[in-house]
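Here's the letter readout for the chains.
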Amino acid sequence: MIELRKITGDNIDEVIALEVEENQEDFLETTNLRSFADAHMLNADGIPATPLAIYADEVAVGFLMYIYDTLDHETFENEVFYGKKSYFIWHIMIGMSYQGKGYGKLAFEKMMMDIETMPDGEAEYLTLFYRTSNVIAKTLYASFGFVDTGIIQDNSMLAIKNLDWKITESLVE
Ligand SMILES: CC(C)(COP(=O)(O)OP(=O)(O)OC[C@H]1O[C@@H](n2cnc3c(N)ncnc32)[C@H](O)[C@@H]1OP(=O)(O)O)[C@@H](O)C(=O)NCCC(=O)NCCS
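Thresholds applied
- Residues numbered from 1 in each chain as written.
- Predicted model: local features only at pLDDT ≥ 70, side-chain atom pairs only at ≥ 80, totals over all residues.
- Near = placed C-beta within 6 Å.
- Helix = DSSP H or I, 4+ residues; strand = E, 2+ residues; numbered from the N terminus.
- Nonpolar A, V, L, I, M, F, W, Y, C, P; charged D, E, K, R; others polar.
- UniProt positions renumbered as here; feature names shortened; annotations may be inferred.
- Pairing = 2+ DSSP bridges.

A. Spotlight on the site of the ligand. The full set close to the ligand counts 22 residues, and Phe27, Gln99, Gly104, Lys105 and Tyr130 are the nearest of them. In terms of residues, the shell around the ligand owes the most to one element, helix 4 (residues 135-143), which gives six residues. Residue composition of the shell around the ligand, by class: 12 nonpolar, eight polar and two charged.

B. Seen up close, the UniProt feature "domain: N-acetyltransferase" (unreviewed entry) in the protein chain. The sites that UniProt annotates as "domain: N-acetyltransferase" (unreviewed entry) are residues 2-164. Within the segment residues 2-164, helix and strand shares are 26% and 34% respectively, and the terminal C-alpha atoms sit 27 Å apart.

C. Layout of the pairing of strand 7 (residues 156-162). Looking at chain direction, strand 5 (residues 125-131) and strand 7 are connected through seven bridges and run antiparallel. Each bridged residue has a counterpart across the sheet, and for Thr127 the counterpart in strand 7 is Ile160. Note: strand 6 (residues 147-153) against strand 7, four bridges, orientation antiparallel. The partner of Gln153 across the bridge, within strand 7, is Ser156. From the end of strand 6 to the start of strand 7, which pair antiparallel, there are two residues, and Asp154 there has a positive phi angle of about 50°.

Structure below.
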């Protein structure tokens, strides 16, 4: 069973110790430790950030984090979503020895169900960046209805999903 759990003094060491393959490091712009630190800084600045440990049958197998923010970057100025609220997926990883077992997909689905409750406020969009060379991530996000925007920053594609209809209706059976 997959669960998303808060990061506490009891599991922070396990989460920090999780690593991806060397050739996957470029897919992640940051480490779990740095993301966790970012979450605290963002929260202190009033931008809600939610870092969560991914558990499979009581074992910490991954980490994810989402934030609630406004799509107000200057490069989005001509886009329909400019200035709108979004849940932005900051980081998601599954430790290298746990990959390819379906955990990433199930964790992503659970995260989307959490987000559907709009825990930090209403939003119209779900957004994320993925490296254009990251075929697994691209396939995963497309399977959940994310669409490429064509906006590429530092070799990463901004993908977006409209939340104007229930996420759960789009989830894979
Ligand atoms: C991307 C990542 C989170 C996916 O988690 P995972 O547990 O390995 O993936 P899953 O086993 O749940 O597979 C999820 C989906 O990914 C896709 N996928 C998995 N392995 C794949 C492969 N070898 N080739 C293409 N697509 C693949 C499939 O769509 C799969 O769904 P399906 O089984 O229904 O076809 C994980 O591989 C990871 O941490 N990678 C390194 C870090 C990273 O790239 N993070 C994302 C940054 S944007």
